[in-house]
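Here's the letter readout for the chains.
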Amino acid sequence: MKSAAVICEFNPLHKGHKFLIDSMRQNGITHIVGIMSGNFVQRGDCAVMNKFRRAECAIRNGVDMVVELPVTKVLSSAEGFADGGVALAGALGCDELWFGSESNDIDVLRKLIEIQSDKNVEKYMAQELKKGVTSARALGNTVAFLYGEKLSNILMSPNNILGIEYLKALDRQKSRVTPKTIKRIAVQHDSMTTSNGFASASCIRNNIEKNDLKSCAGFMDAYSYGILNGEIEKKYAPANIKNGERAILAVLRNMTREDFAMIADVNEGLENRIFEAVQNLCTLEEIISYIKSKRYTLARVRRIIMCSYLGITKSLQKKPISYIRPLCFNDQGTKFLSRNTKLPIITSTTRSENMLSDDASELLKLEIKASELWGLLTPNIYPCMSDRRNFLKK
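For every chain, the first residue of the written sequence is number 1, and numbering continues from 1 along that sequence. Local features in this predicted model are restricted to residues whose pLDDT is 70 or higher, and side-chain atom pairs enter the listing and the counts only when it is 80 or higher, whereas totals over whole chains, interfaces and linings include all residues. With hydrogens and water stripped out, all remaining heavy atoms of the structure feed into the side-chain values.

Undergrad: Even after reading the chapter, I still don't get the overall build of the protein chain, so can you show me in this structure?
TA: Secondary structure summary: the protein chain contains 20 helices and 9 strands in total. Relative to the compact-globule value of 21 Å for 394 residues, the protein chain shows a C-alpha radius of gyration of 20 Å, a close match. With the C-alpha coordinates of the protein chain rotated into their principal frame, the extents come out at 55 × 50 × 45 Å. Each residue's exposure class comes from its accessible area (1.4 Å probe, protein chains only) as a fraction of the maximum for that residue type: buried when under 20%, exposed when over 50%, partly exposed otherwise. Looking at the protein chain as a whole, 53% of its 394 residues qualify as buried. Only DSSP runs of H or I covering at least 4 residues are called helices, and only runs of E covering at least 2 are called strands; the numbering of each starts at the N terminus. Radius of gyration here is computed from C-alpha atoms only, and the compact-globule reference equals 2.2 Å multiplied by the residue count raised to the power 0.38.

Undergrad: Just checking my understanding: could you explain unusual backbone geometry for this structure?
TA: Leaving glycine out, the prevailing phi sign among residues is negative, and the prevailing peptide bond configuration is trans. Here the residue pair N11 and P12 is connected by a cis peptide bond, since its omega of -5 degrees sits within 30 degrees of zero. Examined against the element boundaries, P12 turns out to sit in the loop between β1 (3-8) and α1 (15-26). With an omega dihedral of -5 degrees, the bond running from A237 to P238 counts as a cis peptide bond. Take P238: it is sitting in the loop between α11 (222-233) and α12 (245-253). Phi angles above zero are rare outside glycine, and K174 is one such case at about 50 degrees. The residue K174 is located in the loop between α9 (158-172) and β7 (178-183) in this model.

Undergrad: Can you help me understand the packing of helix α5 (residues 106-116) against α9 in this one?
TA: In helix packing, the relevant descriptors are the interaxial angle and the interaxial distance, both defined with respect to the helix axes. Running from N to C, α5 and α9 point in directions that differ by 75 degrees, and their axes come no closer than 10 Å. Our classification of the angle between α5 and α9 gives roughly perpendicular. Contact with α5, carried on its side by I106, L109, R110, L112, I113 and Q116, involves N160, G163, I164, L167, K168 and D171 of α9 and no other residues of that element. Looking at side-chain class alone, the contact of α5 with α9 contains 6 nonpolar, 3 polar and 3 charged residues. For every element, the axis is a line fit to its C-alpha atoms; helices are fit only across the contacting stretch, and the angle between N-to-C directions ranges from 0 to 180 degrees. Orientation is classified from the angle alone, with under 35 degrees giving roughly parallel, over 145 giving roughly antiparallel, 65 to 115 giving roughly perpendicular, and any other angle giving oblique. Any two residues whose heavy atoms approach within 4.5 Å are treated as being in contact. In this classification, the charged set is Asp, Glu, Lys and Arg, the nonpolar set is Ala, Val, Leu, Ile, Met, Phe, Trp, Tyr, Cys and Pro, and all remaining amino acids, among them Gly, are polar.

Undergrad: Looking at this model, I keep getting lost on α12. Mind explaining?
TA: An α-helix turns once per 3.6 residues; consequently, residues spaced three or four apart project the same way. Regarding α12, the residues found buried are I248, L249 and L252. Buried residues along α12 cover an arc of 100 degrees about the axis, so they all sit on one side. In the core, the buried residues of α12 are packed alongside α13 (257-262), α14 (270-280), α15 (284-291) and α16 (298-310). This arc corresponds to the set of directions leading from the helix axis out to the C-beta atoms.

Undergrad: Could you clarify how one ought to interpret the packing of aromatic side chains in this entry?
TA: Both the distance between ring centres and the angle between the ring planes are used here to describe each pair of aromatic rings. Working definition: a ring pair exists when centres of Phe, Tyr or Trp rings (six-membered ring for Trp) sit within 6.5 Å. Plane angles under 30 degrees give stacked, over 60 give edge-to-face, the rest tilted. Scanning the entire structure with this criterion turns up 4 aromatic pairs. Ring-pair connections join several aromatic residues into one group, and the members of that group are Y236, W374 and Y382. Consider the ring centre and the ring normal. A charge sits over the ring if Lys NZ or Arg CZ is within 6 Å of that centre and within 35 degrees of that normal. In this arrangement the basic side chain of R273 is found over the ring face of Y290, its NZ or CZ atom lying 4.7 Å from the centre.

Undergrad: Looking at this structure, I do not really get the pairing of strand β2 (residues 31-37). What am I missing?
TA: As a general feature of sheets, a regular strand has side chains that alternate between the two faces. With 7 of 7 residues buried, β2 lies mostly within the body of the structure. Of the two faces of β2, the one holding H31, V33, I35 and S37 and the one holding I32, G34 and M36 are both buried throughout. Strand pairing is assigned whenever DSSP detects at least two bridges linking the two strands. As paired strands, β1 and β2 are joined by 6 bridges and run parallel to one another. Paired with V6 across the two strands is G34, which belongs to β2. For the handedness criterion, the strands are oriented away from the viewer, and a crossover whose path from the first strand over the helix to the second runs clockwise is classed as right-handed. In terms of handedness, the path from β1 via α1 over to β2 forms a crossover that is right-handed.

Undergrad: Mind showing me how you'd approach the nonpolar core here?
TA: As a rule of thumb, nonpolar side chains are buried together in soluble globular proteins. Residues F40, I248, I305 and L310 are the most contacted members of the largest nonpolar core, which totals 46 residues. Elements with a contribution of two residues or more to this core: α12, α14, α15, α16 and α20 (358-374). At 8 residues, α20 tops the list of elements feeding residues into this core. Beyond its immediate sequence surroundings of up to four residues, L310 is in contact with F40, V71, L75, L366, K369, A370 and L373. Counting residues in hydrophobic clusters, the runner-up holds 44 residues, among them I106, L112, I115 and L139. The criterion is simple. A nonpolar core is a set of buried Ala, Val, Leu, Ile, Met, Phe, Trp, Tyr and Cys residues joined through side-chain atoms within 4.5 Å.

Undergrad: Help me understand the environment of C384 in this model?
TA: Looking at where C384 falls in the secondary structure, it is placed in the loop between α20 and β9 (392-393). Since its relative accessible area comes to 61%, C384 is described here as exposed. Counting along the chain gives 138 residues from C384 to R246, while the straight-line C-alpha distance between them is 18 Å.

Undergrad: It is not clear to me how the pattern of salt bridges should be interpreted in this structure. Could you clarify?
TA: Pairing is possible between side chains of opposite charge, provided their charged atoms come close. A carboxyl oxygen of Asp or Glu within 4 Å of a side-chain nitrogen of Lys or Arg is what we treat as a salt bridge. One pass over the full model with this rule turns up 18 salt bridges. A salt bridge links D171 to R110, with the shortest nitrogen-to-oxygen separation between them at 3.3 Å. Here D171 is found in helix α9, whereas its partner R110 is found in helix α5, with 61 residues between them in sequence. A residue is classified by how much of its surface remains accessible, and D171, at 42% relative accessible area, is partly exposed. Two residues, K319 and E362, come together in a salt bridge whose shortest N-O distance is 3.7 Å. Of this pair, K319 sits in the loop between α17 (314-318) and β8 (326-329) while E362 sits in helix α20, and the two are 43 residues apart along the sequence. Through salt bridges with shared partners, one network takes in K51, E68, R325 and D387.

Undergrad: Would you take a moment to explain α16 for this structure?
TA: Over its 13 residues, α16 extends 18 Å from the first C-alpha to the last, a length consistent with the 18 Å expected when each residue adds 1.5 Å. For α16, the tally of buried residues reaches 10 of 13 residues, placing the bulk of the element in the interior. With its phi angle positive at about 80 degrees, G311 sits one or two positions after the end of α16. Expected span of a helix, by definition, is 1.5 Å for each gap between consecutive residues, and there is one gap fewer than residues.

Shown next, in the form of structure tokens:
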């Protein structure tokens, strides 16, 4: 038995994801675990389709088990997202962690980690931050100045950024999981162009929002396309923040400066800017644009807004991974799950609450709440209690 995890969103699952899964099989992986974000995603947005449906698509495409990455880790920085995924991979006893990257070179990514601890980098980066740029841009400019544009470009590529955070998390946690990477092919992250039958998830979502699902058929497998089409026909997809704008605004307008100060990732007095935006502006787009600055990226602001909507405070986000929750698995996944794991396994949200620690119970209740609030973001309001169902077995 040789097991491996892939930290993923499958939002939606496309042929690039299938290529990664197939590559893992070709390299001798017998058990594949998808550690997947639930109904919200790391960019500070809602997932386009219900998490159980996305997990089902993953199983049909070669993954043996999908477990949920808690929303507190999903709506976090790249560092927090990576920490959560790596912790679950370790708790599950996976041998390897696979991820796509633009560089396809673990050694180069590790070199970039070493560079970031260089005192000269810290000194020059501090000067860049004074210019009001984001931390990521300051680091990129610093590496370009000290080490050259080539390494800076590698550092600033989206999948490389996450890959570096995975490596850091593995080191911090002293994990026994071995990192493996595969080169991202055909199209880049967030690209709106297609190539050789591949399209990014962003491109596919963009077409879906334009009511042009048919144009996506060639970039998805038939099963995933059918599941997504069925959810769209029932108007349970695509979920979109605009669908629930009034619901989100209602939560924001009921919050005080002090409430915003407690929300995850709000610091340096940012609660004042958020409160002013909410009190003076009428749409989420206006609020987000007002808060965004050179220092605070669009993704970070969107995550803060979603954390406010869901009630994810700093203290909640700091709580460690404390349970394993399968969303879908096949017979191979059942065998893998039967191995000793380091955390309790949630097979039923109603029956499992009594077996959990107080922290774990609080996080599980938050997860259920997040799913209920996600249900207000679909074209037809999604039924309540959707997250209290049992896992799917395929």
